[in-house]
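Here is how the chains run, residue by residue.
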Amino acid sequence: MEFGRRKHYQKRGWSVVRSAGSHGIWDLCGVRLEDPEHPVMFVQCKRVNTIQAAKAMLTKFEKDPPMPKSSHWIMRLEVQVKGSRDILSGAL
């Protein structure tokens, strides 16, 4: 999933790196090199079995984010239900 999301953001003008192993609080980190004032983007990618699990994960993310909110970065959670191409997303 991370490779597909990295490609998604690269097509939209982001320079994106993937965290190997994905054991931290983010899987992708993106910057807009042409706009140094734009905040850095951190993306956590998850794959779950049901839409209910995806919605619960997004609710938890919004209530208890893994990083404090800041004007210097954007934190995103992107969840894909196994067997679906759709991505559910939340951002702080």
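Just above sits the structure.
All residue numbers refer to position in the chain's written sequence, counted from 1. Only residues with pLDDT of at least 70 get local features here, since the model is predicted, and only at 80 or more are side-chain atom pairs given and counted; chain-wide, interface and lining totals rely on the full set of residues. As a convention, hydrogens and water are excluded, and side-chain values are obtained from all of the structure's heavy atoms.

1. Notes on empty space enclosed by the protein
Here a cavity means grid points, on a 1 Å grid over the protein atoms only, where a 1.4 Å probe fits yet cannot get out; a pocket means an open set of points with protein on both sides within 12 Å along at least five of seven lines; lining residues are those with an atom within 4 Å of a point. Grid points are joined across faces, edges and corners, and a volume is the space filled by probe spheres set on the points. Scanning all chains against the criterion turns up one cavity of 30 Å³ or more. One number sums up the size of the largest cavity: a volume of about 30 Å³. What lines the largest cavity is simply Pro65, Met67, Pro68, Lys69, Ser70, Trp73, Met75 and Leu92. Broken down by class, the residue content of the lining of the largest cavity amounts to six nonpolar, one polar and one charged. When residue character is reported, Ala, Val, Leu, Ile, Met, Phe, Trp, Tyr, Cys and Pro are called nonpolar, Asp, Glu, Lys and Arg charged, and the others, Gly included, polar.

2. Describing the side chain of Gln44
Only DSSP runs of H or I reaching four residues or more are called helices, and only runs of E reaching two or more are called strands; each is numbered from the N terminus. Along the chain, Gln44 turns up in strand β3 (residues 40-48). Among the residues examined, Gln44 registers a relative accessible area of 10% and is labelled buried. Sequence-distant contacts of Gln44, defined by excluding residues within four places in its chain, comprise Gly24, Ile25, Trp26, Asp27, Met75, Arg76, Leu77 and Glu78. Only protein chains enter the calculation, and the probe is 1.4 Å; a residue is then buried if its accessible area is under 20% of its type maximum, exposed if over 50%, and partly exposed in between. Any pair of residues with heavy atoms lying within 4.5 Å of one another is described as a contacting pair.

3. Considering the nonpolar core
In this text, buried Ala, Val, Leu, Ile, Met, Phe, Trp, Tyr and Cys residues form a nonpolar core when linked through side-chain atoms within 4.5 Å. By size, the foremost hydrophobic cluster in this structure holds twelve residues: Cys29, Phe42, Val48, Ala54, Leu58, Phe61, Met67, Met75, Leu77, Val79, Val81 and Leu88. The set of elements that each furnish at least two residues to this core consists of β3, α2 (51-63) and β4 (73-81). Those residues in contact with Ala54 that lie beyond four places of it in its chain are Val48, Val79, Val81 and Leu88. Core analysis: the second largest hydrophobic core is formed by seven residues, Val16, Met41, Val43 and Cys45 among them.

4. Quick word on the packing of aromatic side chains
Under the pairing criterion, centres of Phe, Tyr and Trp rings, with the six-membered ring standing for Trp, must be within 6.5 Å; the plane angle then separates stacked pairs below 30 degrees from edge-to-face pairs above 60, leaving the rest tilted. According to the stated counting rule, one finds two aromatic pairs in the structure shown. With centroids separated by 5.5 Å and ring planes inclined at 50 degrees, the aromatic side chains of Trp26 and Phe42 adopt a geometry described as tilted. With Trp26 in the loop between β1 (15-18) and β2 (28-31) and Phe42 in strand β3, the pair connects residues that are 16 residues apart, well separated along the chain. What makes Phe42 buried here is its relative accessible area of 13%. Considering the side-chain rings of Phe42 and Trp73, the 6.4 Å spacing of their centres and the 75 degrees angle between planes classify their relative orientation as edge-to-face. With Phe42 in strand β3 and Trp73 in strand β4, the pair connects residues that are 31 residues apart, well separated along the chain.

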